[in-house]
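# Inside the fold
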Amino acid sequence: MDATAFDPRPDYLRALDQLEKLLLLVTPEQLDRPTPCAEFDLRALLDHTVGGVHRIAYVGEGGRGLDVAASVGTVEDGEWAQALGRARERAAAAWADDAKLDRPSSVPWGTMPGRFALGGYVMEAVTHAWDIAQVVDPTADFDEELALGALTVAREVLPADGRDATVPFGPVRPAPAEAGPTAQLAAWLGRDVR
């Protein structure tokens, strides 16, 4: 594949659409429940996930990713899908100019062309959709084509061996033979999908 032809924007918007469907299911009673991300209950994971959309929007606007927290702050219990919708609009506008795909972009894991920075956020959005679904709808259907692309990237940039404290994912976990790409991605990023 020609790396300069890779445009992650459509996949990122698909990933955010998938997330929005899950956020529409969130109830206030679920917000304090644990998630597969050990450091986050559902409320904190939603804050981190929506905040991450604002962070990559900020990067698209020319900012440095580490200059802003992956946090959206206070959101009313029933307003998570709307908060994501606002973040989605901001990200879409921030990355609308094709030239930004080749502009150096600073994200928490380094400086790289915008297309690769945004591609990392596709992987994050797909993975956190799986995490959120474990609380709000464990039988949710996922966009497996989208997950397959994210899994391919994850396997290339996050090797199974040599993960240390600088890598924000646990060791690769086993996935059942029948696991689809979304569950395989979650396992590759350290989640117990059994």
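Below is a summary of the structure that appears in this document.

## Re the packing of aromatic side chains
The final tally for this structure, using the stated rule, is 2 aromatic pairs. Plain terms: the ring middles of Phe-6 and Phe-116 are 6.0 Å apart, the flat faces sit at 20° to each other, and that makes the pair stacked. Here Phe-6 is found in the segment before α1 (9–23), whereas its partner Phe-116 is found in helix α4 (residues 114–136), with 110 residues between them in sequence. An angle of 35° between the planes, with centres 5.5 Å apart, marks the rings of Trp-109 and Tyr-121 as tilted. Of this pair, Trp-109 sits in the loop between β1 (104–107) and β2 (110–113) while Tyr-121 is found in helix α4, placing the two residues 12 residues apart along the sequence. Classification of Trp-109 by relative accessible area gives partly exposed; the value is 45%. Residue classification places Tyr-121 among the buried positions, given a relative accessible area of 3%. Between the NZ or CZ atom of Arg-155 and the centre of the ring of Trp-188, over which it lies, the distance is 5.4 Å.

## With respect to the nonpolar core
Inside soluble globular proteins, nonpolar side chains tend to come together where they are buried. Membership of the largest hydrophobic core comes to 59 residues, with the highest contact counts inside it found for Tyr-12, Leu-23 and Ile-132. Looking at this core, the elements that each hand over two or more residues are α1, α2 (42–60), α3 (80–94), α4, α5 (144–157) and α6 (181–188). Contact partners of Leu-23, with chain neighbours within four places excluded, come to Leu-46, Val-50, Trp-80, Ala-81, Leu-84 and Ile-132.

About the cut-offs
Each chain carries its own residue numbering, running from 1 in the written order of its sequence. Where local features are concerned, this predicted model is filtered to residues with pLDDT of at least 70; where side-chain atom pairs are given and counted, the filter is 80 or more; whole-chain, interface and lining totals use all residues. Side-chain descriptors were evaluated using all non-hydrogen atoms of the structure, hydrogens and water having been removed beforehand. Only rings of Phe, Tyr and Trp enter the pairing, Trp through its six-membered ring, and a pair is recorded when the two centres are within 6.5 Å. The plane angle decides the type: under 30 degrees is stacked, over 60 is edge-to-face, the rest tilted. Runs of E in the DSSP output that reach at least two residues are strands. Runs of H or I that reach at least four are helices, and both are numbered from the N terminus. Only protein chains enter the accessibility calculation, which uses a 1.4 Å probe; a residue whose area is less than 20% of its type maximum is buried, one above 50% is exposed, and one in between is partly exposed. Charge-over-ring contacts are defined here by two conditions on Lys NZ or Arg CZ: a distance within 6 Å of the ring centre and an angle within 35 degrees of the ring normal. Throughout, nonpolar core names a set of buried Ala, Val, Leu, Ile, Met, Phe, Trp, Tyr and Cys residues whose side chains join them through atoms within 4.5 Å. Two residues form a contact once any of their heavy atoms are found within 4.5 Å.

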